[in-house]
Amino acid sequence: MPNAYQQMSTADLDAAIAALEAQTDQIRALGLKLDMARGKPSVEQTDLSRPMLDLLTSESDLTDEGAPADNYGIPDGLPSARRLAADLLGVDAASVLVCGSSSLNLMHDVVVNAYTKGIGGNAPWCTQGEVKFLCPSPGYDRHFAVTERYGIVNIPIAMTADGPDMDEVERLVNSDPQVKGMWCVPKYANPTGITYSDDVVRRIAALEPAAPDFRVFWDNAYIVHDLYDEGDSLLNIFDVLAESGRQNLVYEFASTAKVTFPSSGMAFVTASPADIAEIRAAFSIERVSPEKLSQLAHVRFLHDVEGIRAHMARHAEVLRPRFELVQERLEAGLGDLGIATWTHPHGGYFVSFDGPEGSAKATVAMMAELGVTLTGAGATWPYGKDPHDTNIRIAPTFPSLADLGAALDVFVVAAKLVAARLARAER
Ligand SMILES: Cc1ncc(COP(=O)(O)O)c(C=O)c1O
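Residues numbered from 1 in each chain as written. Predicted model: local features only at pLDDT ≥ 70, side-chain atom pairs only at ≥ 80, totals over all residues. Heavy atoms only, no water.

Peer 1: Help me understand the pairing of strand E6 (residues 153-160) in this model?
Peer 2: Consecutive side chains along a regular strand alternate between the two faces of the sheet. Pairing of strand E5 (residues 132-137) with E6, which is carried by six bridges, proceeds in the parallel orientation. Looking at E6, one finds that Lys132 is bridged to Val153. Once the chain exits E5 it traverses helix H6 (residues 141-149) before rejoining the sheet at E6, and the crossover so formed is right-handed. When E6 meets strand E7 (residues 163-164), the two strands line up antiparallel, connected through two bridges. Bridge pairing in E7 places Thr160 opposite Gly163. Between E6 and the antiparallel strand that follows it, E7, lie two residues. (Pairing = 2+ DSSP bridges. Helix = DSSP H or I, 4+ residues; strand = E, 2+ residues; numbered from the N terminus. Right-handed = clockwise from strand over helix to strand, strands pointing away.)

Peer 1: Looking at this structure, how should I read the site of the ligand?
Peer 2: Around the ligand lies a shell formed by Ser102, Ser103, Leu104, Tyr140, Val185, Asn190, Asp219, Ala221, Tyr222, Ser255, Ala257 and Lys258. Within the contact set of the ligand, an oxygen atom lies 2.7 Å away from a side-chain nitrogen or oxygen of Ser102. Between the ligand and Leu104 there is a distance of 2.9 Å, counted from an oxygen atom to a backbone nitrogen or oxygen. Looking at side-chain class alone, the shell around the ligand contains six nonpolar, four polar and two charged residues. (Near = heavy atom within 4 Å. Polar contact = N/O pair within 3.5 Å; in protein donor to acceptor, adjacent residues only side chain to side chain. Nonpolar A, V, L, I, M, F, W, Y, C, P; charged D, E, K, R; others polar.)

Peer 1: Help me understand the packing of helix H7 (residues 166-175) against helix H8 (residues 198-205) in this model?
Peer 2: A pair of packed helices is characterised by two quantities: the angle between their axes and the separation of those axes. At a minimum axis distance of 11 Å, the contact between H7 and H8 shows a crossing angle of 0°. With respect to H8, the element H7 is oriented roughly parallel. Residue-level contacts link Met166, Asp167 and Glu170 of H7 to Val200, Arg203 and Ile204 of H8. Within the contact of H7 with H8, the residues separate by chemical class into three nonpolar, no polar and three charged. (Axes fitted to C-alpha atoms, helices over the stretch in contact; angles between N-to-C directions. Parallel < 35°, antiparallel > 145°, perpendicular 65-115°, else oblique. Contact = heavy atoms within 4.5 Å.)

Peer 1: Looking at this model, I keep getting lost on the layout of surface pockets. Mind explaining?
Peer 2: Rolling a probe over the atoms, with the probe sized like a water molecule, indicates the empty space that remains. Each pocket or cavity is described by its volume, and for the largest pocket that value is around 540 Å³. In this structure, the largest pocket is lined by 23 residues; those nearest its centre are Leu104, Tyr140, Arg142, Ala257 and Lys258. Sorting elements by how many residues they give to the lining of the largest pocket places helix H5 (residues 103-117) first, with three residues. Each residue belonging to the lining of the largest pocket can be placed in one class, and the counts come to nine nonpolar, eight polar and six charged. Residue assignment places the lining of the largest pocket across two domains, with domain 1 (4-45 + 312-425) and domain 2 (64-303) each supplying three or more. Lining the second largest pocket are 26 residues; nearest its centre among them are Lys187, Ile223, Val224, Asp226 and Arg309. (1 Å grid on protein atoms, 1.4 Å probe; cavity = no way out; pocket = protein on both sides within 12 Å on 5 of 7 lines; lining within 4 Å. Points joined across faces, edges and corners; volume = space filled by probe spheres on them. Domains from an automatic or database assignment.)

Peer 1: Would you mind showing me how to read the packing of aromatic side chains here?
Peer 2: Aromatic ring pairs are defined here through the distance separating the ring centres and the angle between the ring planes. The tally for this structure, following the rule as stated, stands at eleven aromatic pairs. Pairing Trp125 with Phe133 gives two aromatic rings, centres 5.7 Å apart and planes at 65°, and the pair type is edge-to-face. By relative accessible area, which is 0% here, Phe133 ends up buried. Considering the side-chain rings of Tyr222 and Tyr349, the 5.7 Å spacing of their centres and the 25° angle between planes classify their relative orientation as stacked. With Tyr222 in the loop between strand E9 (215-219) and helix H9 (237-244) and Tyr349 in the loop between strand E12 (341-342) and strand E13 (351-354), the pair connects residues that are 127 residues apart, well separated along the chain. Residue classification places Tyr222 among the buried positions, given a relative accessible area of 4%. Exposure remark for Tyr349: the relative accessible area of 1% places this residue in the buried category. Through successive ring pairs, a cluster of aromatic residues spans Trp125, Phe133, Trp183, Phe217, Tyr251 and Phe253. Between the NZ or CZ atom of Lys40 and the centre of the ring of Phe398, over which it lies, the distance is 4.6 Å. The ring centre of Tyr349 lies 4.9 Å from the NZ or CZ of Lys258, which sits over that ring. (Phe/Tyr/Trp six-rings, centres within 6.5 Å; stacked < 30°, edge-to-face > 60°. Buried < 20%, exposed > 50% of the residue type's maximum accessible area, 1.4 Å probe, protein only. Lys NZ or Arg CZ within 6 Å of the ring centre and 35° of its normal.)

Peer 1: What's the story with the sheet that holds strand E15 (residues 391-394) in this structure? I'm lost.
Peer 2: Strand order in this open sheet of three strands is E12-E13-E15, and the pairing throughout is antiparallel. Where the open sheet ends on each side, the last strands, each with one partner, are E12 and E15.

Peer 1: Before we go on, may I ask you to explain the packing of H5 against helix H10 (residues 273-286) in this structure?
Peer 2: Here H5 crosses H10 at 105°, and the two axes come no closer than 11 Å. In this view, H5 runs roughly perpendicular relative to H10, as classed from their interaxial angle. For the pair formed by H5 and H10, the contact residues are Leu106, Asp109, Val110 and Asn113 on the first element and Ile279, Ala282, Phe283 and Glu286 on the second. Residue classes in the contact of H5 with H10 are distributed as five nonpolar, one polar and two charged.

Peer 1: So what exactly am I meant to see when it comes to the sheet that holds strand E10 (residues 250-255) here?
Peer 2: Adjacent strands of a sheet pair through backbone hydrogen bonds, lying either parallel or antiparallel. Spatially, E4-E11-E10-E9-E8-E5-E6-E7 is the arrangement adopted by the eight strands of the open sheet, whose pairing is mixed. For this open sheet the edge positions go to strand E4 (96-98) and E7, each flanked by a neighbour on one side alone. Two elements, E10 and strand E11 (residues 267-270), share four bridges in a ladder whose sense is antiparallel. For Phe253, the partnering residue across the bridge sits in E11 and is Val269. Sitting on the sheet, helix H4 (residues 79-89) is in contact with E4, E10 and E11, with an inclination near 125° to E4.

Below you can see the structure in the form of structure tokens.
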């Protein structure tokens, strides 16, 4: 169906463009410097975790259930940190490694291990010719960057409202032995904010990969990042795998990056017993033992899953008004024009926006020129190539409410002007 600009007479469209250009002139004159680009917690959010910094002092007991946090050893992570991570993921603590502060770092290392050394007794990926990863898109640019860096071919997979297009995933994974992995953010996906449906989780758990060394990289980065008391529910993929007796299909990752302090928390990975043994062996070469003082501070601060949920409810109080402002401003500014759609997530860190075909690069460039930084157009696709140039990732968490409101007002004008110019160019 034609959008509002496409339906206008040429004279009306020219007048609309002139009015929008006048608005951009006014905005330009303000000399704004706003950032709606990266998904970082706001200062109010990181402040919530400051009391954790008072928990470890020179007087503190630095052992956890007898395990020393202040020395080498305990390579799998402190017992109570592993239990906390396991309870959060709903798996057995014996299958969890708590290690480092960045889950992306763990994902990278697991990819590199498979690439250079091989997994499950198979040849290293780097010796198997052209190997491929499936990349539900739009998705997380840093995932795609990891596989791209090692020359793995990133294949975009369409995202539906329920998760990746599973017909396509099954077709590729089950028939092509060169497909070695798939990136997934199953809850409040970056950037769409959607949560995989039960059916999608079950179909992923039931994949019959042609490659014996195929693994799903299940990045549960937003597992507890609900905006409302009633969050989206995601099936525990390890429960589904257990029902069917399947093993060695999924590596799951998460971290406290957006629970406490990004890059200064604890990251964790879980997998089947055989897979986690392999990961443990690989990690044992990279490091003598993980950073455990941070683990100790985290378990003393967060205590248990209920403690994490209570803490996340405080994050939600900060984030809810921001996400609601995005919906309000987009709806008020663009709702009846038919030029764009956007997601309405119940959690996570992003809203995904789609404008008319061929609009995203122009909109992001116009925003930059008007003083508002957005994530680069195309960044949410493998190789930065959004095939239809429609998608823009909106990251509302970091700016203050006032700055976010100002940035969204500029965004509405830019989205309208780009859509109106595209409609004019079609004539
Ligand atoms: C889906 C996803 N995974 C991982 C990360 C990074 O997590 P970490 O800081 O634990 O490496 C992010 C950060 O934006 C993310 O969106």
